[in-house]
Amino acid sequence: MSNNGYLLGYDVGSSFVKGCLIDSETGRLVASASAPGQEMEMVSDQPGWAEQSPTMWWKQIVSVTRQLLAESGVQGKGIVAIGISYQMHGLVVVDKNRKVLRPSIIWCDGRAVQYGQKAFQELGQEECLGRFLNSPGNFTASKLKWVKENEPEIYEKVDKVMLPGDYIGMKLTGEIRTTVSGLSEGIFWDYKEEGTATSLLDYYGISADLLPEALPSFGDHGQLTSEAADELGLSQGTKVTYRAGDQPNNAFSLNVLEPGEVAATAGTSGVVYGITDQPDYDAASRVNSFVHVNHKKDRPRYGVLLCVNGSGILNSWLKRNLGIDNALDYDQMNVLASEAPIGSDGLVILPFGNGAERILENRDIGAQIHGLQFNRHSTAHMLRAAQEGVVFALNYGFLVMKDMGMKLDTVKAGHANMFLSPVFRDTFVHTTGTTLELYNTDGAQGAARGAGVGAGIYSNPSEAFSGLKRIDVIEPDENRVSRYEEAYQQWADKLPF
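So, here is what we can say about the structure in this document. Since the structure is predicted, the reported quantities are computational estimates derived from the model, not experimental observations.

**Let's talk about the overall build of the protein chain**
Check the secondary structure of the protein chain and you find 16 helices and 22 strands. Compactness check: the protein chain gives a C-alpha radius of gyration of 22 Å against a globular reference of 23 Å for 497 residues, within 12% of the reference. Seen along its three principal axes, the alpha-carbon backbone of the protein chain occupies a region of about 65 × 55 × 45 Å. Within the protein chain, buried positions represent 61% of all 497 residues. Considering only residue pairs separated by 6 or more positions, the protein chain has 74% of its internal contacts joining residues 24 or more positions apart. In the form shown here, the protein chain has an accessible surface area of approximately 18800 Å², with 43% of it arising from carbon and sulfur atoms. The average position of the 43 basic charges and that of the 60 acidic charges among the side chains of the protein chain differ by 3 Å.

Given below as structure tokens:
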């Protein structure tokens with residue numbers, strides 16, 4: 001057992017909750033777990049809607065924690081700090097008794113787009129981009145406006161507004177807090193004033209008192225209550241010392257902290273996230289800028305986020321609906337996809353079936369299949385076209401980031417999710433023209449290492465990565481680039497605008 005004990009990291013996604021234990025002294029991964037056994041349900045009562053129950057997330061936190069303790073043999077008292085990573089942009093509202101008032105409106109829910117677009121027009125693009133670096137879009141502030149206008153009886157009871165990770169923090173510590181990075185992801189942050197986005201809140205008629213206290217991403221976020229400790233099998237008083245949205249945290253997990261560094265992930269959604277020291281923005285808000293986890297007023301760090309909502313969720317949809325759910329696992333699906341040629345013999349999939357897409361200026365065009373020939377295309381073509389379609393959508397946003405002047409030569413990613421697929425990796429490298437570095441990490445490990453930084457176990461972030469190992473490097477082959485360029489153009493020609 002380490003002299004310093006163990007670090008516990010949670011990654012609360014929209015498909016699964018993952019957790020891990022890391023030996024704080026060696027940086028070694030001790031145990032990892034995931035729950036539930038099948039992907040968590042997203043409720044979509046109307047087209048473009050997506051909701052989840054926050055109590056479902058907590059139930060999986062309890063399950064994951066119990067699994068970790070059982071697998072590792074670690075006692076609850078051996079855990080010295082806890083970190084939280086969470087799905088970004090969601091809305092959780094509670095009353096004064098901390099009762100959840102309605103299901104969470106999660107990141108891919110597009111119902112609030114009209115409110116955000118109206119604010120963008122009436123406040124003015126110069127005001128929104130200059131102060132918030134983004135259109136209010138369908139981010140958390142606009143989702144709260146939707147509740148205010150459409151569920152006034154619920155809104156009247158709201159005492160505090162939280163992001164999904166803030167809810168988990170409340171369940172752990174009894175304290176309702178957020179972070180500066182979190183406020184920025186909800187479009188609650190004014191970059192000019194380095195404070196709350198009062199001009200947007202005033203426009204929406206929302207009181208700033210509904211927002212929690214904002215803390216740095218690293219630091220004392222509270223201590224485990226006796227109730228939470230009993231449920232989890234941990235010790236009362238264990239400190240929660242880190243909190244970040246899943247994409248800033250994914251970047252942190254890869255030690256992506258300085259300008260010019262770039263991270264990527266491809267879970268339910270696909271994301272490229274690059275670091276800059278300038279408050280830059282895209283004029284059409286197709287990619288979005290937020291405060292990064294290591295931001296300081298005298299040493300600013302921002303993350304520019306490109307998101308495609310439909311990534312792994314497209315792969316899982318195909319698994320469930322092509323009649324292969326029980327016949328093939330994801331590794332076998334990847335092998336089958338590799339049997340089809342680059343460009344999938346003309347079969348094109350637009351992967352936009354998970355709500356309004358920011359890279360498409362908040363259009364919700366749905367997923368689309370083009371060029372399907374019954375006598376020519378097989379399941380292998382369909383699987384490959386899906387993976388290519390996700391990468392091509394990422395490249396569409398990648399070009400926007402390049403137009404902003406961002407340097408995107410090398411991308412780091414965890415060896416996880418869709419980056420486990422050789423087809424996906426090959427398509428990514430040769431379409432974007434970047435070198436891809438793969439590491440032995442994931443969001444839960446990032447949250448655990450962040451907890452070590454926040455608890456002062458590591459004097460600086462670089463010390464937290466002693467256990468991080470680069471396991472592969474993939475560079476573009478010039479002989480293959482032109483074939484992918486042709487396939488990408490074939491894909492882009494199918495965009496309906």
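Let us keep going from here.
**Notes on the nonpolar core**
Counting residues in each nonpolar core, the largest one holds 67 residues, and the members touching the most others are Leu 144, Val 161, Leu 200 and Phe 252. No other element matches helix H15 (residues 443–454), which puts 5 residues into this core.

**Comments concerning helix H4 (residues 140–150)**
Most of H4 sits out of view: 8 of its 11 residues are buried. What H4 keeps buried is the set Thr 140, Ala 141, Ser 142, Lys 143, Leu 144, Lys 145, Trp 146 and Val 147.

**Focus on the sheet that holds strand S21 (residues 435–439)**
Strand order in this open sheet of 7 strands is S16-S17-S15-S14-S20-S21-S22, and the pairing throughout is mixed. The sheet is open, and its two edges are formed by strand S16 (288–291) and strand S22 (470–474), each paired on a single side. Ignoring strand direction, the axes of neighbouring strands in this sheet form an average angle of 25°. With 2 bridges connecting them, strand S14 (residues 262–266) and strand S20 (residues 410–414) associate as parallel partners. Counterpart to Ala 264 in the pairing with S20 is Ala 413. Along the sheet, helix H13 (residues 379–403) makes contact with strand S15 (270–276), strand S17 (302–308) and S20, crossing S17 at roughly 150°. Here helix H14 (residues 422–432) sits on the sheet in contact with S14, S15, S20, S21 and S22, set at roughly 140° to S21.

**Re unusual backbone geometry**
Here Ala 35 and Pro 36 are connected by a cis peptide whose omega angle stands at -5°. Within the secondary structure layout, Pro 36 lies in the loop between strand S3 (29–35) and strand S4 (51–52). Positive phi, normally seen in glycine, also occurs at Asn 255, with a value near 60°. Tracing the sequence through the fold places Asn 255 in the loop between helix H10 (246–253) and S14.

**Examining the sheet that holds strand S1 (residues 6–12)**
On the basis of which strands lie adjacent, the open sheet formed by 5 strands has the order S3-S2-S1-S5-S13 and mixed pairing. The outermost strands of the open sheet, each flanked by one partner alone, are S3 and strand S13 (239–245). Sheet twist, expressed as the mean angle between neighbouring strand axes with direction ignored, is 15°. Where strand S5 (residues 79–86) meets S13, 6 bridges bridge the pair, whose relative direction is parallel. In the sheet register, Tyr 86 faces S13, and the bridge partner there is Gly 245.

Reading the values: rules and limits
Residues numbered from 1 in each chain as written. Predicted model: local features only at pLDDT ≥ 70, side-chain atom pairs only at ≥ 80, totals over all residues. Heavy atoms only, no water. Helix = DSSP H or I, 4+ residues; strand = E, 2+ residues; numbered from the N terminus. Rg over C-alpha atoms; globule rule 2.2 N^0.38 Å. Buried < 20%, exposed > 50% of the residue type's maximum accessible area, 1.4 Å probe, protein only. Contact = heavy atoms within 4.5 Å. Areas by Shrake-Rupley, 256 points an atom, 1.4 Å probe, with all protein chains shown as cover. Lys, Arg positive; Asp, Glu negative; His and termini not counted. Charge placed at Lys NZ, Arg CZ, Asp CG, Glu CD. Core = buried A, V, L, I, M, F, W, Y, C linked by side-chain atoms within 4.5 Å. Pairing = 2+ DSSP bridges. Axes fitted to C-alpha atoms, helices over the stretch in contact; angles between N-to-C directions.

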